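Descriptive structure summary
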Amino acid sequence: MESTPRWLKVLDYITATMFIAAILMVFFYAPTEAVMGAVQRVFYFHVASGWVGMLGFLTTAVAGVVYLKTSCRIWDIVGLAAVEIGIVFVFITIVTGSIWARPVWNTWWTWDPRLTTAAFMELIYAAYIMLRQGIDDPDRRARFGAVYAIIGFVSVPFTFMSARMFRTIHPVVVGINQPGSLGGFDMTPRMLQTFLFSLLMFTFVFADLLWRRIRLGLLADKAAQMKMKRNE
Amino acid sequence: MSGGAKAYFKAIHAIVWKDLSAELRSRELLSSMLVFALLVILIFNFALDLDIKIRSTMTAGVLWATFAFAGTLGLNRSLALEKDRGCLDGLLLAPVDRSVIYFGKAISNLVFMLLVEAIVLPVYNFLYNVNLFHWGFLVTLLLGSLGYVIVGTLLASMAVQTRTRDILLPILLFPVIIPVLISALKASNGFLQGLAVADILPWINILIVYDLIFAAISFVAFDYVVEE
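Figured I'd write up the structure that's included with this text. Remember, it's a predicted structure, so these values are computed and weren't measured experimentally.

As a further point, take the overall build of chain A. Check the secondary structure of chain A and you find six helices and zero strands. Reading the helices (α) and strands (β) of chain A from amino to carboxyl end gives α-α-α-α-α-α. With respect to the three principal axes, the spread of C-alpha positions in chain A is 70 × 45 × 25 Å. Counting across all 232 residues of chain A, residues that qualify as buried make up 47%.

The interface is formed by 30 residues belonging to chain B together with 28 residues belonging to chain A. The partner of Asp136 of chain A in a salt bridge is Arg163 of chain B, with the nearest N and O atoms 2.7 Å apart. Applying the counting criterion to the chain B and chain A interface returns seven residue pairs in polar contact (both at pLDDT 80 or more). For the side of chain B that touches chain A, the elements supplying multiple residues, two or more each, are helix H6 (135-159), helix H7 (168-193) and helix H8 (197-226) of chain B. Broken down by element, the side of chain B that touches chain A gets its largest block of residues, 12 residues, from H8 of chain B. Looking at the side of chain B that touches chain A residue by residue, the classes come out as 22 nonpolar, three polar and five charged.

Residues and elements named next belong to chain B. Per the counting criterion, the structure on display carries 21 aromatic pairs over all chains. Between Tyr102 and Phe222, the aromatic rings sit 5.4 Å apart at their centres with planes inclined by 45 degrees, giving tilted as the arrangement. A residue pair is termed long-range when its members are at least 10 positions apart, and Tyr102 in helix H5 (residues 98-128) and Phe222 in helix H8 qualify at 120 residues. Comparing Tyr102 with Phe222 shows no difference in burial state: the two are buried.

Residues and elements named next belong to chain A. As a packed pair, helix H3 (residues 73-105) and helix H6 (residues 189-231) sit with axes 9 Å apart at the nearest point and diverge in direction by 135 degrees. When the axes of H3 and H6 are compared, the pair comes out oblique. Note on packing geometry: the crossing formed by H3 with H6 is right-handed. Residue-level contacts link Arg73, Ile74, Ile77, Val78, Leu80, Ala81, Ala82, Glu84, Ile85 and Phe89 of H3 to Phe202, Val205, Phe206, Leu209, Leu210, Arg213, Ile214, Gly217, Leu218 and Asp221 of H6.

Conventions and cut-offs
Residues numbered from 1 in each chain as written. Chains lettered and ligands numbered in written order. Predicted model: local features only at pLDDT ≥ 70, side-chain atom pairs only at ≥ 80, totals over all residues. Heavy atoms only, no water. Helix = DSSP H or I, 4+ residues; strand = E, 2+ residues; numbered from the N terminus. Buried < 20%, exposed > 50% of the residue type's maximum accessible area, 1.4 Å probe, protein only. Contact = heavy atoms within 4.5 Å. Salt bridge = Lys/Arg side-chain N within 4 Å of Asp/Glu carboxyl O. Polar contact = N/O pair within 3.5 Å; in protein donor to acceptor, adjacent residues only side chain to side chain. Nonpolar A, V, L, I, M, F, W, Y, C, P; charged D, E, K, R; others polar. Phe/Tyr/Trp six-rings, centres within 6.5 Å; stacked < 30°, edge-to-face > 60°. Axes fitted to C-alpha atoms, helices over the stretch in contact; angles between N-to-C directions. Parallel < 35°, antiparallel > 145°, perpendicular 65-115°, else oblique. Left-handed = near helix turned anticlockwise from the far one by under 90°.

Encoded structure:
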């Protein structure tokens, strides 16, 4: 079995160090928000994990297009890897968002466009995984996965737009999107620094996880080939 | 019209004709969609207690939920027929562009969907005394059904080739189709409530843009879905 590449190990260490630094920044460097108090600190990782989720789904859609163009197996592995990461991180976003929403909006959930879109995104990519599980032929699985990833990704902005219009035509009860609305706040320089660092850190987490998951996919392929050879 | 385009449309016409005449003989697909649609409406009657007050605001929602559920029956059936009896392989052997098959299937699915709607609407009208024959409502119905079958035909042709088959289609289809359902629902509701057209137009625009973009994607992607 081949060993972990050196650069991947380096990336592991950098990511872990940044992770610890970001946690310290969130708790000790960033000031406590005046109105919402300590719960606002969830914001830094909340937005950052949402960012990773979107990055994951974007990667899958791009990998899908490249796969259909080239039929090169690696892009299918990349697509699946990115979807798995995306699902986990959007879920983290939803959970941290609920933790934030409970004290600030006095509810765990509202049908705000972002929340609605996040929920449907999770369902789209759950369907993606189920679609793949229903197909035995790896070639067809990759093709169908790629097609569905593209369709799913293109539909996301439409869902967001229609969910947003759904609110604006109706009277807005909890104006979450409007500037200065409930839960909105101005960031101090320290908050902004913490926020940007969290984003950067999570991007490193994404790269690290993606690299590891792709390696796992390649190894799984190799294992499947060995099994086939032994059975022959 | 050039000869190529003529042949293209002729081939689409042939596929639609095949589907319609097969359906005319068996009536399997339409009858099951229709009975299912009526059952869903009856269930909604009790689930939502459709009395005179809420009827006016609920009608569009009930109808679109009904068409969305009944539609998956039709889509599954229409593509499963091709797959099971090896008809799809036969179609693929025909010396025509693959997109012809897609558009042919999509158009016949649209016809089935519209036929079911054409029967369900008067029945709904009769049962609940809500006048549904408003031109804007009918246009919305057409645009919404179009978006539904554009994506539905592509996803159904994927779903029938998987192990889980019929149960997979709604799971694949609904999260992607949700913008169509939301905008069609809001637009229909707007027309039925007599809102100004300017207020409803944004929803119609979303429907049109969605239909166009997904028709283009399906046109390209269908090749990869039926490839062997």
